[in-house]
Amino acid sequence: MSGPYAILLAANLVFATGYAVSRIVLADVGPATLGLARVLIGGALLLAWAARDTGAPRKAWTVEDRVRVALMGLVGFALAFALGNWGLARSTATNAALLITVEPTTLLLLSPLLLGERLSRREGLGAALTLVGAVMVVADGVPGFTRALMPHWRGDILLLLSGVAYAAYSLLGRGVLTRHPVARVTAHSVVWGAASIAPLALYEWRAGPPAAWTAAAIAGTVYLGVVITALGYAVWNWCLERVGAARVAAFVNVQPLAGALLGVWWLHEPLTPFLVTGGSLIVIGLHLTVKPGRTE
């Protein structure tokens, strides 16, 4: 497995931990406040990284580039974080990890139309298998499919919309990343994200109870800001620049599998036929996606 693909695999395994950590923090901190806090922490680190990047820009910034980066921050940070945190507050961490399949589905459907990216037949088959495998894992884990009739449907709808917003970040950023350094694009998008989510946090401070910054809430917020936001988005954009949105999408399906396997190992949940079959399809699909060969 080549460098970008290996990094993508590792990154998505780490991303899978973000939902459980967010759920813990949301017990003490409001959704918009958490979103703003993690963006501010991540933004400070990314701006420091961008400042140390002394390489010359590949091309001059155009008005379109600046608009795209602003939309990346508005949609991919502020809207995605807000919808995701509001959804988590009304649903479960398991559902959030499983419903992430909305993001790769959106990328696989729209990247050929919006970005002109074309997968080879083998890559397309691999991406399809990862998606089918993820859906099988989801069908065995989400209440409403196999256990009860959508007990968290309001939160789940918000989580679905959050997945679309996360996908929009990649669709908007792909072209900009081919023209400008990853550090600067990522840092600028985070700044726009902080500016966009600040009004929501301000409203939350005035309308709701104050945040309780317990030790667990502080530790969780720092983890989300440093690992998931700063490091996560930097790695994601680095890989997006090199392999494209459609190929990146296949690896997102590792997250529901990792979440389900974590439940088997940590919570002693049953290893079901759905999980075994779905996990096998994800592994086979990823192998086909990264296997060297023709890219017709």
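Residues numbered from 1 in each chain as written. Predicted model: local features only at pLDDT ≥ 70, side-chain atom pairs only at ≥ 80, totals over all residues. Heavy atoms only, no water.

## Considerations on the overall build of the protein chain
Of the regular secondary structure elements, the protein chain holds 13 helices and 0 strands. Each helix and strand of the protein chain, ordered N terminal to C terminal, gives the series α-α-α-α-α-α-α-α-α-α-α-α-α. Counting across all 296 residues of the protein chain, residues that qualify as buried make up 52%. Long-range contacts, defined here as pairs at least 24 residues apart, represent 90% of the contacts in the protein chain between residues at least 6 apart. (Helix = DSSP H or I, 4+ residues; strand = E, 2+ residues; numbered from the N terminus. Buried < 20%, exposed > 50% of the residue type's maximum accessible area, 1.4 Å probe, protein only. Contact = heavy atoms within 4.5 Å.)

## Description of empty space enclosed by the protein
Evaluated as defined, the whole model comprises 1 cavity of 30 Å³ or more. The computed volume of the largest cavity comes to approximately 470 Å³. Together, 25 residues line the largest cavity, and Tyr19, Ile100, Tyr166, Ile228 and Gln255 are the ones closest to its centre. Contributions of two or more residues to the lining of the largest cavity are made by α2 (18-25), α4 (63-90), α8 (153-177) and α10 (215-243). Split by residue class, the lining of the largest cavity holds 14 nonpolar, 9 polar and 2 charged. (1 Å grid on protein atoms, 1.4 Å probe; cavity = no way out; pocket = protein on both sides within 12 Å on 5 of 7 lines; lining within 4 Å. Points joined across faces, edges and corners; volume = space filled by probe spheres on them. Nonpolar A, V, L, I, M, F, W, Y, C, P; charged D, E, K, R; others polar.)

## Concerning helix α9 (residues 182-207)
Relative to the 38 Å expected for 26 residues at 1.5 Å per residue, α9 spans 38 Å between its end C-alpha atoms, a close match to the ideal helical length. Within α9, the axis deviates most sharply at Ala198, by approximately 30 degrees, and proline Pro199 lies no more than four positions further along. (Expected span 1.5 Å × (residues − 1). Bend = angle between axes of the 7 residues up to and from the residue.)

## Points about a nonpolar patch on the surface
A contiguous nonpolar patch, built from Leu45, Trp213, Ile218, Val222 and Val226 and spanning about 410 Å² of accessible area, is present on the exposed surface. Per-element tally for the nonpolar patch: the top contributor is α10, with 3 residues. With respect to the helices and strands, Leu45 occurs in helix α3 (residues 31-52). (Patch = residues over 30% accessible without salt bridge, like charges linked within 9 Å, V, L, I, M, F, W, Y side chains within 5 Å. Areas by Shrake-Rupley, 256 points an atom, 1.4 Å probe, with all protein chains shown as cover. Salt bridge = Lys/Arg side-chain N within 4 Å of Asp/Glu carboxyl O.)

## Some remarks on the pattern of salt bridges
With the rule as written, the count across this model stands at 3 salt bridges. For Arg68, the salt bridge identified is with Glu64, shortest N-O distance 3.3 Å. Taken together, the positions of Arg68 and Glu64, both in helix α4 and 4 residues apart, correspond to about one turn of that helix. Arg179 is the partner of Asp65 in a salt bridge, and the nearest nitrogen-oxygen pair spans 2.6 Å. On the criterion of sequence distance, the pair formed by Asp65 in helix α4 and Arg179 in the loop between α8 and α9 is long-range, its members being 114 residues apart. On the basis of relative accessibility, which here comes to 1%, the residue Asp65 falls in the buried class.

## Some words on the packing of aromatic side chains
Enumeration over the complete set of coordinates arrives at 7 aromatic pairs. With a centroid separation of 6.3 Å and an interplanar angle of 70 degrees, the aromatic rings of Phe81 and Tyr233 are classed as edge-to-face. In this pair, Phe81 sits in helix α4 while Tyr233 sits in helix α10, placing the two residues 152 residues apart along the sequence. According to the relative accessible area criterion, Phe81 is buried, its value standing at 1%. Residues Tyr169 and Tyr233 carry aromatic rings whose centres are separated by 5.0 Å and whose planes lie at 85 degrees to one another, so their mutual orientation is edge-to-face. (Phe/Tyr/Trp six-rings, centres within 6.5 Å; stacked < 30°, edge-to-face > 60°.)

## Examining the confidence of the model for the protein chain
Taken as a whole, the protein chain shows an average pLDDT of 80; of its residues, 85% reach a score of 70 or greater. Residue range residues 142-150 is modelled with pLDDT below 50. Its contacts to residues more than four positions away, or to other chains, number 15 contacts. (pLDDT = per-residue confidence, 0-100.)

## Concerning the layout of surface pockets
Of the pockets and cavities examined, the second largest pocket occupies roughly 300 Å³. As for the second largest pocket, its lining consists of 16 residues, and the residues nearest its centre are Gly30, Pro31, Glu204, Gly208 and Pro209. Counting only elements with at least two residues in the lining of the second largest pocket, the list comes to α3, α4 and α9. Considering every element that reaches the lining of the second largest pocket, the biggest residue donor is α9, with 4 residues. Of the residues contributing to the lining of the second largest pocket, the split by class is 10 nonpolar, 3 polar and 3 charged.

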